[in-house]
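Given next are the chains, with one letter for each unit.
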Amino acid sequence: IGQRMNNEQRLRWLAILAPAIGLLLLGVVFFPDWLPLMLGGALGWIVAGIFIFGSSRGPMEYKTAVKHLRRSEYKEAVEAMDRLIKAEPDQPNHYRFRAELLRLWGKLGRARRSYEDMLALASDPADQAVAYNGLAEVDLQAGDYATARINAQKAYDLAPDEWVAAYNLGMIDDRLGDAQAVVAHLSLVIQNKIPEERHRLLIHFYLLRAYCRLGDRPSAESALSDLMRQRDGYKEWQSILASDQADTLREVLSADLALVGDLFSGEQSLDDLIEAESG
């Protein structure tokens, strides 16, 4: 039986059975008078171990989905999550991961429905914020910026201390041409410690473009100076966008990053940007 299991399954059953077998051996060899008690304890551990180690198929199906994702086998990755959702239909994060796979696959309608399913199940405000944020990103990807902003605002209202919600609001505001809102949201974001330099790069870029649209040259110069310190973030984006799984990101960010690249190379100047955006 063990030979027919994968490594994860073998380790799980070893963790369940080994303590029970050890307890039985201890009873047989050293405490034969206590054998019935030992037997009861062993059986109790097996029952508890099944719940502790074997009650969820989640890790195995997630691993399968990720394996398919790495090979750009989106259909198979989604089918792995479909199986998991059928077995565990009440877990909001299963729907979230399926939605993210569907977005990478370009199936925006199905991704939206999966986020809506997550939202219907989520009782925790943090999970609800994640679902609304996912819906906003689907709308952003589809070019429906007005609906994206509504969902992003709902995510922000539920989780005002999470920088991702305000970051997405700033990006959507940029697409809508609302420079004042970009500054309001991203000025809050930049006060947080953003872990990834690639995100800091885009924050400074959207602030730069907003200040250019507002005709605020001193603030634009400051934002450009901050942007120029994020060259590693630009290289990070270049590496990410070269991936086979980056079609979605390329659609959303390629034009922005091309302009960032021109600013880094000197092909575009601050004056060029101010002239382009003020018009």
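Every chain's residues receive numbers from 1 upward, in the order its sequence appears when written. The model is predicted, so local features are restricted to residues of pLDDT at least 70 and side-chain atom pairs to those at 80 or more, both for listing and for counting; the totals for chains, interfaces and linings are taken over all residues. Side-chain metrics rest on all non-hydrogen atoms present in the structure, leaving aside hydrogens and water.

Quick notes on the nonpolar core
In globular proteins that are soluble, nonpolar side chains generally tend to be buried together. Judged by nonpolar contacts, the single largest core of 65 residues is most densely connected at Leu101, Leu201, Leu202, Tyr206, Leu208, Leu227 and Leu253. What counts as a helix is a DSSP run of H or I of at least four residues, what counts as a strand is a run of E of at least two, and both are numbered from the N terminus. It is helix 11 (residues 197-214) that provides the largest number of residues to this core, a total of 10 residues. Not counting residues within four places of it along the chain, the set of residues in contact with Leu201 comprises Leu227, Gln230, Gly233, Tyr234, Trp237, Leu257, Val260 and Phe264. Among buried residues, those of type Ala, Val, Leu, Ile, Met, Phe, Trp, Tyr and Cys that are joined through side-chain atoms within 4.5 Å constitute a nonpolar core. Summary of the burial criterion: residues with accessible area below 20% of their type's maximum are buried, those above 50% are exposed, and those between are partly exposed, where the area comes from a 1.4 Å probe applied to protein chains only. Throughout, a residue-residue contact means that at least one pair of heavy atoms, one from each residue, lies within 4.5 Å.

Quick notes on the pattern of salt bridges
Any two side chains of opposite charge can pair if their charged atoms end up close together. Salt bridge, as used here: a side-chain nitrogen of Lys or Arg that lies within 4 Å of a carboxyl oxygen of Asp or Glu. Counting across every chain of the model gives 21 salt bridges. Between Arg175 and Asp174 there is a salt bridge, with the nearest N and O atoms lying 3.2 Å from each other. Salt bridges sharing common partners tie together Asp174, Arg175, Arg209, Arg213, Asp256 and Glu277.

A short note on the environment of Leu270
Inspection of the secondary structure assignment puts Leu270 in helix 15 (residues 270-278). For the pair Leu270 and Leu208, spaced 62 residues apart in sequence, the C-alpha to C-alpha distance is 9.2 Å. When sequence neighbours within four positions are dropped, the list of residues in contact with Leu270 reads Leu208, Cys212, Arg217, Ala220, Glu221 and Leu224.

Observations concerning the side chain of Asn133
Structurally, the position occupied by Asn133 is in helix 7 (residues 125-142). With a relative accessible area of 11%, Asn133 lands in the buried category. Definition of a polar contact: a pair of N or O atoms within 3.5 Å, with one able to donate and the other able to accept a hydrogen when the atoms are protein atoms, and with sequence-neighbouring residues admitted only if both atoms are side-chain atoms. Within polar-contact distance, the side chain of Asn133 engages the side chain of Asn168 at 2.9 Å.

Examining the confidence of the model for the protein
Model confidence for the protein is summarised by a mean pLDDT of 82, while 78% of its residues fall at 70 or above. You can read pLDDT as the predictor saying how much it trusts each residue, on a scale of 0 to 100. The low-confidence segment residues 1-13, where pLDDT is below 50, has 12 contacts with residues more than four positions distant or belonging to other chains. Counting contacts from residues 45-56, a segment whose pLDDT is below 50, to residues more than four positions away or on other chains yields 20 contacts.

A short note on helix 7
The span one expects for a helix is its residue count, reduced by one, times 1.5 Å. Counted at 1.5 Å a residue, the expected span for helix 7 with its 18 residues is 26 Å, and the 26 Å between its end C-alpha atoms agrees. All buried positions along helix 7 are accounted for by Ala129, Ala131, Tyr132, Asn133, Gly134, Leu135, Ala136, Val138, Asp139, Leu140 and Gln141. On its buried face, helix 7 sits against helix 5 (92-105), helix 6 (108-121), helix 8 (145-158), helix 9 (163-176) and helix 14 (247-265). Here helix 7 starts with a cap whose side-chain oxygen sits 3.0 Å from the backbone nitrogen of Ala126, and that cap is Asp124. Of the residues trailing helix 7, Gly143 is marked for its positive phi of about 85°.

Notes on the environment of Gln268
Within the secondary structure, Gln268 is located in the loop between helix 14 and helix 15. The class for Gln268 is partly exposed, based on a relative accessible area of 27%. Contact partners of Gln268, with chain neighbours within four places excluded, come to Leu259, Asp262, Leu263 and Leu273.

Looking at the packing of aromatic side chains
Geometry of aromatic contacts follows a simple scheme: Phe, Tyr and Trp rings, the Trp one being its six-membered ring, pair when their centres are within 6.5 Å, and the pair is stacked under 30 degrees between planes, edge-to-face over 60, tilted otherwise. For the structure shown, the criterion picks out four aromatic pairs. Each ring, one from Tyr234 and one from Phe264, has its centre 5.5 Å from the other, and the planes form 70°; the classification is edge-to-face. With Tyr234 in helix 13 (residues 231-241) and Phe264 in helix 14, the pair connects residues that are 30 residues apart, well separated along the chain. Across the pair, Phe264 and Tyr234 agree in class, each one buried. The rule for a charge over a ring is simple: NZ of Lys or CZ of Arg within 6 Å of the ring centre, and within 35 degrees of the ring normal. The ring of Trp105 has Lys107 sitting right over it, with the charged end atom 5.0 Å from the ring centre. Across the ring face of Trp237, the terminal group of Arg198 is positioned such that the distance to the ring centre comes to 5.7 Å.

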